[in-house]
Amino acid sequence: MSAKTIPDRSIRICADRGGTFCDVHASFPDPQNPKERKEIVVKLLSQDPGNYNDAPTEGIRRVLKTVTGEQIPRGSILSTDKIDYIRLSTTVATNALLERKGQKHALLITHGFKDLLLIGNQSRPKIFDLNIRRPPPLYSTVLEVDERVTLVGYTSDPQAEQHAVQFDEDGKVKRGYRGNGWDQKGDAEGPGEVVQGLSGEAVRIMRRPDMVKVRDDLQRLYDDGYRSIAIVFCHSYTYPEHELQVAALARTLGFSQVSASSQLLPMIKMVPRGVSSTADAYLTPILRQYLDGFFSGFDEKLKDGKVLSPRVEFMGSDGGLLDLNNFSGLKSILSGPAGGVVGYALTSWDEKKKVPIIGIDVGGTSTDVSRYSGRYEVVYETTTAGVTIQSPQLDINTVAAGGGSCLSFRNGLFLAGPNSAGAEPGPACYRKGGPLAVTDANLVLGRLVPDYFPKIFGKSEKEPLDIEASRNAFEELAREINASVSEDKKMGMDEIVYGFIKVANETMCRPIRALTEARGYATSKHILASFGGAGGQHACEIAQLLGIKTILIHHYSSILSAYGLALADRAYELQEPSSTFYTPKNRPTLRARLDRLDGQVREELRRQGFEDARIHTERMLNMRFEGTDTALMVVPAPADGDGDEDFEAAFRRVYKAEFGFLLETKSVIVDDVKVRGTGKTFDTLGESVFDEVARLEREGKQRAVERDRADSVRSVYFGEKGRVDDTPVFLLESLQVGDVLEGPAMVIDDTQTIVLVPGARAVLTSKQLFITLD
């Protein structure tokens, strides 16, 4: 292939930088048939400082070199003429949070609330721990700003609507507050101007910030080396003016990162809003620093944002793509695993069958688990590394068990994780002197075959996996284990190694049960979509443990997080606070606010280049029962209530499903109004995998694969059956659509190994391996 045969702006590149591997998926027009696109996959270590500085840049260099046929030396500035877009997901911010390696920053907070984020919300997650160590706050210093606003009235006033301040259409006070505590003189309980907040609530301004003093305080911070600040003022979700004034002043003084809580996510609850702002101030500078380094590897066109320049898009924590201006540390915490959720959701869901799917992403460092039942499950408050963050994120449960999880024997127990061997030095078999890990166990059991595995190990990056290093380390561990038990309980090598696999499998099942059984869903009534580099080696046994009968493994399962980036939609959302009872009288007002936000979201997506036919919006209200603090973000279904966007009926349905009861006597309050828009980036993915399997059976195109088509035969250990010395190994590329395999067997390609246990039956479709268990 030569560069001349590849049109400008035609190569689409998606890169997912994980904890151990960086996966790159690219597509480009086929020179022989320009209407078709060819695909290319590159897999490389996330960290290899001896050979390259940045893994995604190196992966893109290899793609350009392969596609254009040109020699592109490492370290050279890459030309972007041939690139249509680059889509990235990154764990940079997540790792900075986990390792506490973020940016030094200051917290600016309302006077008197200096210790608020330190005190937190009084939750005690480890109530029986005798040695509790609270994670320290993210900020380094606190600056109290002498400003104060308060809300007029009081919570749970039974006559709140009659007593409330009344405003005219211009937001001017028509009639003052008339409830308990009114001072009988002014418009509220005391002196101070009364204004209408964004939520419709009456706000009394008790004290405005002294901007001269604030300037002096900020200057002192700047002189002390601070360049990042988080601003959190009382009630700023509804009255952001004071935060905006201080933020504007800070920028004029030279602060490069200013995270104002009212602009990040204007939601009620000061503690999570405050912690989220400090997380943003802590992580965004680190993310920007990484992105600046990434952009420095390319020519200027990549960053100029012009229409004819290649686009750079980033995966947000909620499964939508964001441009550079909208991407921040707070929105990138689940950037890595989100691509995989999009990948399995769009390739596995069947709109007719509507069978819910559990996605399990077994990576090098951890296993991420999520559930999809027609729409992404999003949570608005999550705790990561002891930090409770308020920001829309896909509901992904993570457990520290993956291919790189360290194996050890302690106090008579087999342990898998939580420590990981990572990419450097990696498991023992990576030839860098690393510890024993799950990958070593799969290697010794025959579930990984060095001959088929990428030869990217050792100092030269050209050596295969070292099975002898794994075996020697296990022999030493086996001696230690057998020395600790009586003669009649001594175990053989395979039994010990498989014992560690069983422990790892059980660890991976834990978050699946938390997402299903703990929420009232029967685990066995789901489909398991397995992906991630190590997913294929564990999928069948995990499904057996959970009682799941159907498993889907995509041909690109080991790089599904990167492939999901190619399928993801561009997302843009707007949210406003509200403090309104949901009543027939208020319903038109709430709908009008949704209409206004809907129009603004559509306008922004049009500006980003999407036609109206490709824009889809979801309208939501964040609702709760009066007197409770648990709000649920609700999207009404056509079957709810009167079928005309009946949010109350939808709220009652969702609340009952979540908690099992309803507070029938309580009124319903709307805390937030939100519209999320998506710009579709593809037309259709074709027929579903279930339709394809049914069609292949109907047309008589399913056929058993003869053993002589196996590329080789290996000795592989299976739990109940023990060692099967003649386990056939099939190459995925040599199989054809409609081929049927019976376990025990293995299916291998350049980036993944799939183990079919005895009793498993696999049908090869055009894009998936469709596995059913007895």
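In this text the structure is predicted, and so the values were computed from the model without any measurement.

Trainee: What is the right way to look at the sheet that holds strand β10 (residues 193-196) in this model?
Mentor: Working definition: the strands of a sheet are paired by backbone hydrogen bonds and lie parallel or antiparallel to each other. The three strands are arranged β7-β11-β10 in an open sheet whose pairing can be described as antiparallel. The open sheet terminates on both sides in strands that have one partner only, identified here as β7 (148-151) and β10. Going from strand to strand, the sheet's axes swing by 35 degrees on average, the running direction of each strand aside. Strand direction decides the pairing type here: β7 and strand β11 (residues 202-207), joined by four bridges, are antiparallel. Within the sheet, the bridge partner assigned to Arg 148 lies in β11 and is Arg 207.

Trainee: Where do I start with the packing of aromatic side chains in this structure?
Mentor: The description of two aromatic rings rests on the distance between their centres and on the angle between their planes. For the structure on display, the rule yields 19 aromatic pairs. Their ring planes at 70 degrees and their centres at 5.7 Å tell us that Phe 294 and Phe 295 sit as a pair that is edge-to-face. Like Phe 294, the residue Phe 295 is buried in the burial classification. Pairing Tyr 344 with Phe 531 gives two aromatic rings, centres 5.7 Å apart and planes at 35 degrees, and the pair type is tilted. You can see Tyr 344 sitting in helix α9 (residues 335-348) and its partner Phe 531 sitting in strand β23 (residues 527-531), a full 187 residues away along the chain. Given a relative accessible area of 1%, Tyr 344 falls into the buried group. Given a relative accessible area of 3%, Phe 531 falls into the buried group. A network of ring pairs unites the aromatic residues Phe 625, Phe 651, Tyr 655, Phe 659 and Phe 661 as a single cluster. The ring of Trp 182 carries the charged tip of Arg 178 above its face, separated from the ring centre by 4.1 Å.

Trainee: Would you take a moment to explain the sheet that holds strand β6 (residues 141-145) for this structure?
Mentor: Pairing in this open sheet of four strands is parallel, and the strands run β6-β5-β12-β13 from one edge to the other. Of all the strands in the sheet, the pair left with one neighbour each is β6 and β13 (257-260). For this sheet, the mean inter-axis angle between neighbouring strands, taken without regard to orientation, is 20 degrees. Taken together, the five bridges between strand β5 (residues 106-110) and β6 define a ladder with parallel strand orientation.

Trainee: Please clarify how the nonpolar core should be interpreted in this entry.
Mentor: Inside soluble globular proteins, nonpolar side chains tend to come together where they are buried. Counting residues in hydrophobic clusters, the biggest one holds 68 residues, and the most contacted among them are Ile 13, Val 63 and Ile 86. Among the elements that line this core, the one with the most residues is helix α8 (residues 270-295), at 13 residues. Residue contacts for Ile 86: discarding those within four places in its chain leaves Ile 13, Ile 60, Phe 294, Phe 298, Leu 302, Arg 311, Val 312 and Glu 313.

Trainee: Can you walk me through helix α5 (residues 211-223) in this structure?
Mentor: Since the α-helix turns once every 3.6 residues, residues separated by three or four places project in the same direction. The first and last C-alpha atoms of α5 sit 18 Å apart over 13 residues, in line with the 18 Å expected at 1.5 Å per residue. Of the positions making up α5, those classed as buried are Val 214, Asp 217, Leu 218 and Leu 221. The buried residues of α5 occupy one face: seen down the axis, they fall within an arc of 100 degrees. Exposed residues on α5 whose side chains face more than 90 degrees from its buried face are Val 212, Arg 220 and Asp 223. A distance of 3.1 Å separates the backbone nitrogen of Val 212 from a side-chain oxygen at the start of α5, and that oxygen is part of Asp 210. Immediately beyond the C-terminal end of α5, within one or two residues, lies Gly 225, with a positive phi of roughly 100 degrees.

Trainee: How should the pattern of salt bridges be read in this particular structure?
Mentor: Should the charged atoms of two oppositely charged side chains come close, the side chains can pair. Using the criterion set out here, one finds 55 salt bridges in the structure. Across the pair Arg 61 and Glu 58 runs a salt bridge whose closest N-O atoms are separated by 2.9 Å. Of the two residues, Arg 61 and Glu 58 are both situated in helix α1 (residues 55-68); the distance of three residues between them amounts to about one turn of the helix. The exposure class of Arg 61 is buried, given its relative accessible area of 8%. Between Asp 726 and Arg 707 there is a salt bridge, with the nearest N and O atoms lying 3.6 Å from each other. Separated by 19 residues along the polypeptide, Asp 726 in strand β31 (residues 722-731) and Arg 707 in the loop between β29 (703-704) and β30 (712-718) bring together distant segments of the chain. Accessibility expressed as a relative area gives 43% for Asp 726, which makes it partly exposed. Look at Arg 707 and you get partly exposed, because its relative accessible area is 47%.

Trainee: Whenever I open this one, the pairing of strand β25 (residues 570-581) confuses me. Can you help?
Mentor: The two faces of the sheet receive side chains in turn, since in a regular strand these alternate between them. Counting buried positions along β25 gives nine out of 12 residues, so the element sits mostly inside the fold. Alignment of β25 against strand β28 (residues 668-679), held across 10 bridges, turns out to be antiparallel. Opposite Thr 580, over in β28, you have Val 670 as the bridge partner.

Trainee: Before we go on, may I ask you to explain the packing of α9 against helix α14 (residues 560-567) in this structure?
Mentor: Packed helix pairs are specified by the crossing angle of their axes together with the interaxial distance, meaning the distance between the axes. Close contact between α9 and α14 brings their axes to 7 Å; oriented N to C, the two are set at 70 degrees. Overall, the two elements α9 and α14 adopt an arrangement that is roughly perpendicular. Taken as a pair, α9 and α14 cross one another with a handedness that is left-handed. Judged by residue contacts, Gly 336, Gly 339, Gly 340, Val 342, Gly 343, Tyr 344, Leu 346 and Thr 347 of α9 engage Leu 560, Ser 561, Tyr 563, Gly 564 and Leu 567 from α14. Here the contact of α9 with α14 is built from residues that sort into six nonpolar, seven polar and no charged.

So, how was this worked out
- Residues numbered from 1 in each chain as written.
- Predicted model: local features only at pLDDT ≥ 70, side-chain atom pairs only at ≥ 80, totals over all residues.
- Heavy atoms only, no water.
- Pairing = 2+ DSSP bridges.
- Helix = DSSP H or I, 4+ residues; strand = E, 2+ residues; numbered from the N terminus.
- Axes fitted to C-alpha atoms, helices over the stretch in contact; angles between N-to-C directions.
- Phe/Tyr/Trp six-rings, centres within 6.5 Å; stacked < 30°, edge-to-face > 60°.
- Buried < 20%, exposed > 50% of the residue type's maximum accessible area, 1.4 Å probe, protein only.
- Lys NZ or Arg CZ within 6 Å of the ring centre and 35° of its normal.
- Core = buried A, V, L, I, M, F, W, Y, C linked by side-chain atoms within 4.5 Å.
- Contact = heavy atoms within 4.5 Å.
- Expected span 1.5 Å × (residues − 1).
- Arc of directions from axis to C-beta.
- Polar contact = N/O pair within 3.5 Å; in protein donor to acceptor, adjacent residues only side chain to side chain.
- Salt bridge = Lys/Arg side-chain N within 4 Å of Asp/Glu carboxyl O.
- Parallel < 35°, antiparallel > 145°, perpendicular 65-115°, else oblique.
- Left-handed = near helix turned anticlockwise from the far one by under 90°.
- Nonpolar A, V, L, I, M, F, W, Y, C, P; charged D, E, K, R; others polar.

Function cannot be read off these values alone, since they describe shape.
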